[in-house]
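Structural characterization, general
Here is how the chains run, residue by residue.
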Amino acid sequence: MPVAAPTIGDLRRDAQRRLPRLAFDFVDGGADDEVTLRDNVAAFDRVRLAPRVLRDVARRDQTLELFGRELSLPVLIAPTGMARVAGRGGDVAGVRAAGRAGTAFTLSTMSNDALEAVAPHTTAPLWLQLYLWPRREVVTGLLDRARRAGVHALMVTVDVPVIGRRVRDVRNGFTVPLALRPRVAADVLRHPRWLRSMYPPPTFGNLVAEGVRTPGEALAHAELVTQLLAHPAATWADLRWVREQWEGPLLIKGVLTAADADEAIACGVDGIVVSNHGGRQLDGVPATLDALPAVVEAAAGRAEVLLDGGVRRGTDVVKALALGARAVLVGRPWLYGLAAGGEDGVVHALELLRSEVDRALALLGCTSLAGLDAAVLHHAVGGAAERPGAGAAW
Ligand SMILES: Cc1cc2nc3c(=O)[nH]c(=O)nc-3n(C[C@H](O)[C@H](O)[C@H](O)COP(=O)(O)O)c2cc1C
C-alpha cells in the first residue's frame, strides 16, 4: 500500500483517521496525565544542534554494528504487545518491514503472532522481549523456543512491577477481548475495515504453552496473565538468573537512573535501554533524553546504552546519539506506520527516519555516526544542552 506521509507526525494523523478511537488511543496514549508521554517528545525540542560547514559530506554512512550484527540505520523496532490492534499484518508485517529496512525487530512477549510464526519472515536480527515472571519454567520454556527460532538478543523489561493506568483505555472501555459499549460501538462500526482486520480475533501466540492463547482465554485467566506481565516481587536476583540462562546478548529495558544502570551491569547485562515504557508506566518520571546522560556516564563503556521514547525525527536520533546512545528504538512510530499502510507503512516510517538522519548528518558536517558527540550540540548560555546531565536540578 503506497504511503505518502512526509513525516512521522503525518503518519500518526493517517493512523488516527484509519483506526477507531479506542484502537488509536491504545497505541497513542500514556499513563495518568500523560506528562511523561509529552515530555519524551518535548525533551528533543529543548536540545539544539551545532552544525559545522565545509567538511565534505558527499558520502555518508549510518550503518552500525550492534552485538556483532550490522544494522543499516541506528533505529530499531521496540517491543509492543497487541500490535494487531494497529493493523492486520501485526508482528509479521513489522518483522518483514524491519528486514527490508535492515534493522532489528524486537518481538514483545505479549505479541499476537507467535515467535515461531514471526521468525521465518526475519531477514535482520530478531530480538525478543521478556518479562521477569515468577514461574521460572515459563521463562526457560520461552528461552528454549527463542533459541530454536534464532533470536539474537533478549531484552528484559523491568518497569512493570504493576501495570500503569492508561486513562484513555479506561475512558474508552478498552478491554481484551473487545467488549463494546454503545458509544464505542458506533465508532467501531464506522471503521469496517479495522473491524474486519480483528477477525479472526488476535491471539497471544507466545503464551500457548500457558494455556492462554486467545484474548478470551486471557480474560478467563486474567490472574495468570497479570502474573505473566507484572511480577511485583521481582529483584535483581531474577535478572542474574536470566543472565545464567541466556548465553546471547542480554539487555535490560526500563532503566532511568545511574544507580540502576550500575546494578544492571553488575548482573552482567550487555545493554541498557533507557526507557520509561513510552510514558505508559509511572507518570512524572523524566523524559528518556533527560535521563540518558547519567546512565551513559554510569555505564562508562561497560554496556551498550540504547534509548526509546519520543523519537519522531531523524534529528531526535542524532541528538540521542550525540548524548551517548548507540542507537534508539521506536514504538509508536512503527505502529502508526502499520495502521497507515501495513508492512509498507512500517517500511515508510523507517525510511523517513533514515532519510532524516542522513540529511541531519550532512547538515551537521558529519559523515558517519562516529561523528555524533557533544560537539554537535549547541551549548547556549543557560541552554538545555549546557546543563550538566541535562534534566538534573541546577
Ligand atoms: C501499544 C504499545 C504496546 C507496548 N507493549 C510493550 C510490551 O509488550 N513490552 C515492552 O517492554 N514495552 C512495550 N511498550 C513500550 C515500548 O517498547 C517502548 O518503550 C515505547 O513505545 C517507546 O516510546 P515511543 O512509543 O514514544 O517510541 C509498548 C508501547 C506501546 C505504544
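Above this note sits the structure.
I will try to describe carefully the structure that is included in this document. (Residues numbered from 1 in each chain as written. Predicted model: local features only at pLDDT ≥ 70, side-chain atom pairs only at ≥ 80, totals over all residues. Heavy atoms only, no water.)

Right, let's talk about the overall build of the protein chain for a bit. Along the protein chain, the regular secondary structure elements total 16 helices and 10 strands. C-alpha atoms of the protein chain, sized along the principal axes, occupy 60 × 45 × 40 Å. With 394 residues in all, the protein chain has 59% of them scored as buried. With the model as given, the accessible surface of the protein chain reaches about 16200 Å², and the carbon-plus-sulfur share is 54%. Taken as two groups, the 45 positive and 44 negative side-chain charges of the protein chain have centres that lie 6 Å from each other. (Helix = DSSP H or I, 4+ residues; strand = E, 2+ residues; numbered from the N terminus. Buried < 20%, exposed > 50% of the residue type's maximum accessible area, 1.4 Å probe, protein only. Areas by Shrake-Rupley, 256 points an atom, 1.4 Å probe, with all protein chains shown as cover. Lys, Arg positive; Asp, Glu negative; His and termini not counted. Charge placed at Lys NZ, Arg CZ, Asp CG, Glu CD.)

Turning next to the side chain of Gln129. Of note, Gln129 is situated in strand E5 (residues 126-131). Look at Gln129 and you get buried, because its relative accessible area is 1%. At 3.3 Å, the side chain of Gln129 forms a polar contact with the side chain of Ser108. Ignoring sequence-local partners within four residues, the contact set of Gln129 consists of Pro79, Thr106, Leu107, Ser108, Thr109, Met155 and Thr157. (Polar contact = N/O pair within 3.5 Å; in protein donor to acceptor, adjacent residues only side chain to side chain. Contact = heavy atoms within 4.5 Å.)

Scanning the entire structure with this criterion turns up 24 salt bridges. Asp28 is the salt-bridge partner of Arg168, the closest N and O atoms lying 3.1 Å from each other. Remark: Asp28 occurs in helix H2 (residues 21-28) and Arg168 occurs in helix H7 (residues 167-172); sequence separation between them is 140 residues. The class of Arg168 is buried, set by a relative accessible area of 19%. The class of Asp28 is buried, set by a relative accessible area of 5%. Across the pair Asp39 and Arg46 runs a salt bridge whose closest N-O atoms are separated by 2.9 Å. Judged by its relative accessible area of 33%, Arg46 falls in the partly exposed class. (Salt bridge = Lys/Arg side-chain N within 4 Å of Asp/Glu carboxyl O.)

A few words on the site of the ligand. Every one of the 24 residues lining the ligand counts as a neighbour, but Pro79, Ser108, Thr157, Asp308 and Arg312 are closest to it. Alone, the ligand offers 600 Å² of accessible surface; in the complex the protein occludes 97% of this. Among the elements of the structure, H2, E5 and helix H16 (332-364) are those that each provide at least two residues to the shell around the ligand. A total of three residues in the shell around the ligand trace back to one element, the largest contributor, which is H16. Classifying every residue of the shell around the ligand by side-chain character gives eight nonpolar, 11 polar and five charged. (Near = heavy atom within 4 Å. Nonpolar A, V, L, I, M, F, W, Y, C, P; charged D, E, K, R; others polar.)

Counting buried residues in strand E7 (residues 250-255) gives six out of six residues, a clear majority hidden from the surface. With four bridges connecting them, strand E6 (residues 153-157) and E7 associate as parallel partners. If you follow Leu154 over to E7, its bridge partner there is Leu250. Of the pairings in the sheet, the one linking E7 to strand E8 (residues 271-274) comprises four bridges and is parallel in character. Following the sheet pairing, Val255 is matched in E8 by Val274. Viewed along the sheet, the connection from E7 through helix H13 (residues 258-266) into E8 turns out right-handed. (Pairing = 2+ DSSP bridges. Right-handed = clockwise from strand over helix to strand, strands pointing away.)

Here we come to the packing of helix H1 (residues 8-18) against H16. One way to put it is that H1 packs onto H16 with a least axis distance of 10 Å and a crossing angle of 175 degrees. The angle between H1 and H16 falls in the class roughly antiparallel. Here H1 contributes Ile8, Leu11, Arg12, Asp14, Ala15 and Arg18 to the contact with H16, which in turn contributes Pro333, Tyr336, Gly337, Ala339, Ala340, Gly345, His348, Ala349, Leu352 and Leu353. Residue composition of the contact of H1 with H16, by class: 10 nonpolar, three polar and three charged. (Axes fitted to C-alpha atoms, helices over the stretch in contact; angles between N-to-C directions. Parallel < 35°, antiparallel > 145°, perpendicular 65-115°, else oblique.)

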